[in-house]
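Spelled out, the chains give:
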Amino acid sequence: MAMSFAYWDDCVDLPDLEAMWEVREVRTEWLKAGEVRGSKVHLSRDPDGQPYLTQTEMRSEIVIIVCNKTHILSLLQGMVCAIAELESDRQLLAKRVDKKSKQYTLGLMQLLPKTVQWLISSQRLTAAYSELGYHQYGEEVNSDILFKPFLNVYFGAAYVKWLSKFDNKVRSEEFIIRAYKGGTKKATHKSTLQYWKGYLSVKENFPSRKSVDDGPTSSNAPEPVSENPTDANNDGYWDSRLSPEDMAEMWNHPEIRKEWSKYKERKGKVRFTHDDKNRAFLSRVELKAVAEIVLSKHLISKKIKPAVLCAIAEVVSKRFVNGVRERPGIMGIDFSTAYWIYVELGFRAYKIETVDDLKSPFVSMYFGAAYVSWLSEYEGRERTPEFVAEAYFVGPKNVNPQDTSPLWLKFVETLSKYEETKR
């Protein structure tokens, strides 16, 4: 059975969780996200549903708690954070298999189980291992235990500390990092040079979640706006943005029921997933379900594929619930266009009175789909998929058939992700 965490409580011991709450930055982030002390604390999830640590959780607390108790210098603490960013992008359940050796690495620090076993058996960790309470897991560490964040960081930090004084010599940062990747024998080998360069870049920038923040690169594509800081507390739930009927349709969708049940969501209070900056977004499963439901309920006569709508949403809004700048909602359709579709074209399944109405995923999807339908027969003739997509992004009068738009290329790339997804 595959390892799965929905809450912090699933993967940390109670004293460590209480220590997290005691840190101001972490406490502020959790309270802003709607967490309540004394209740279970949700883990953040990326668009693919994988649990990950925010940068605040990773850098402000776990590394500090573990490293302080194991007497690891602040310089090494910074290394541990950068390594976790580079190795796993802070994904708790990250797992990679080396094609040649068939060995696998696990968790935040991408540890080899045999390295962990060596660290334990070497007696170098006995005191700290016991002090932190990890001796309860025994001398033979089960691989699944290594997905627990505190334990994983503990062993990763211990290995970094050991490398820093390898062979009884004070080692450079470059030696430590390259040895972490390829072993001490390859610390100066060309095979680890690129890893060192990647580490320096990560350490300098500490980028946000790649899977969430990667998106349109065209100058026509605005950057996401930060959501209202109180959004997670007052309007951070699906139920507050959808009608009871639409919520029932979501729960009846087999893929949604599977995903929401997996992450222990409950009827009446289904949380939106939020990124590091507290911006609510839809997972790809959620986005595709919204498209399928809207088309089947209201636009079944229109020849529109759900994957097309999903790809448009991903390019134009990166799946952020509130959209980006002047393009509200997941479909990024502006209010004036949506209102024109409502009044002039007679698409009345959803009432639209203000721009905030478009911040409902169903409303935005409905008017976005209606706009796609209109563009597909623009000026009375059937249009190509390329025209429809580009016209959606830049307007039908601005489409240049001789110019392959970067947005079109991004759309095609994104479309393949949804067309390959099997129900």
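Residues numbered from 1 in each chain as written. Predicted model: local features only at pLDDT ≥ 70, side-chain atom pairs only at ≥ 80, totals over all residues. Heavy atoms only, no water.

Novice: Sorry, what's going on with the confidence of the model for the protein chain here?
Specialist: Atomic detail in the predicted coordinates should be set aside for any region of low pLDDT. Here the protein chain averages 82 in pLDDT, and 81% of its residues register 70 or above. Considering only residues more than four positions removed or in separate chains, one finds that residues 128-133, a stretch of pLDDT under 50, has 15 contacts. Across residues 207-234 the pLDDT falls below 50, and counting only partners more than four positions away or on other chains, this stretch makes 75 contacts in the model. (pLDDT = per-residue confidence, 0-100. Contact = heavy atoms within 4.5 Å.)

Novice: What is the right way to read the nonpolar core from this model?
Specialist: Where a protein is soluble and globular, its nonpolar side chains tend to be buried together. Within the largest apolar cluster, 62 residues are counted, with the highest numbers of intra-cluster contacts made by Trp-238, Met-250 and Phe-367. For this core, the secondary structure elements donating two or more residues are helix 12 (244-252), helix 13 (254-262), helix 14 (284-298), helix 15 (306-317), helix 16 (335-343), helix 17 (361-375), helix 18 (385-394) and helix 19 (406-419). Among residues more than four places away in sequence, those in contact with Met-250 are Trp-238, Leu-242, Ile-256, Arg-257, Trp-260, Glu-286, Ala-289, Val-290, Ile-293 and Phe-362. (Core = buried A, V, L, I, M, F, W, Y, C linked by side-chain atoms within 4.5 Å. Buried < 20%, exposed > 50% of the residue type's maximum accessible area, 1.4 Å probe, protein only. Helix = DSSP H or I, 4+ residues; strand = E, 2+ residues; numbered from the N terminus.)

Novice: Sorry, what's going on with the pattern of salt bridges here?
Specialist: Proximity of charged atoms lets side chains of opposite charge pair with each other. Applying the stated criterion across every chain, the model contains 15 salt bridges. Of the charged contacts in the structure, one is a salt bridge between Arg-178 and Glu-174, with a shortest N-O distance of 2.8 Å. Of this pair, Arg-178 and Glu-174 both sit in helix 8 (residues 173-182), 4 residues apart, roughly one helical turn. Across the salt bridge formed by Lys-297 and Asp-246, the nearest N and O atoms sit 3.4 Å from each other. Here Lys-297 is found in helix 14, whereas its partner Asp-246 is found in helix 12, with 51 residues between them in sequence. (Salt bridge = Lys/Arg side-chain N within 4 Å of Asp/Glu carboxyl O.)

Novice: Got a minute to help me understand the packing of aromatic side chains in this structure?
Specialist: A complete count under the given rule lists 26 aromatic pairs for this structure. For the pair Trp-251 and Trp-260, a centre-to-centre distance of 5.1 Å together with 75° between the ring planes defines the contact as edge-to-face. Note on accessibility: Trp-251 and Trp-260 belong to one class, buried. Note on Tyr-371 and Tyr-392: the rings are 5.4 Å apart at their centroids and 55° apart in plane angle, and the pair reads as tilted. Of the two residues, Tyr-371 sits in helix 17 while Tyr-392 sits in helix 18, which places them 21 residues apart along the sequence. Tyr-392 matches Tyr-371 in its accessibility class, with the two residues each being buried. An aromatic cluster of three or more residues is present, and its members are Phe-335, Tyr-339, Tyr-342, Phe-347, Tyr-350, Tyr-366 and Phe-367. Directly above the aromatic system of Tyr-263 lies the positively charged group of Arg-45, at a separation of 4.0 Å from the ring centroid. Positioned above the aromatic ring of Phe-387 is the side chain of Arg-383, whose terminal nitrogen or guanidinium carbon lies 4.4 Å from the ring centre. (Phe/Tyr/Trp six-rings, centres within 6.5 Å; stacked < 30°, edge-to-face > 60°. Lys NZ or Arg CZ within 6 Å of the ring centre and 35° of its normal.)

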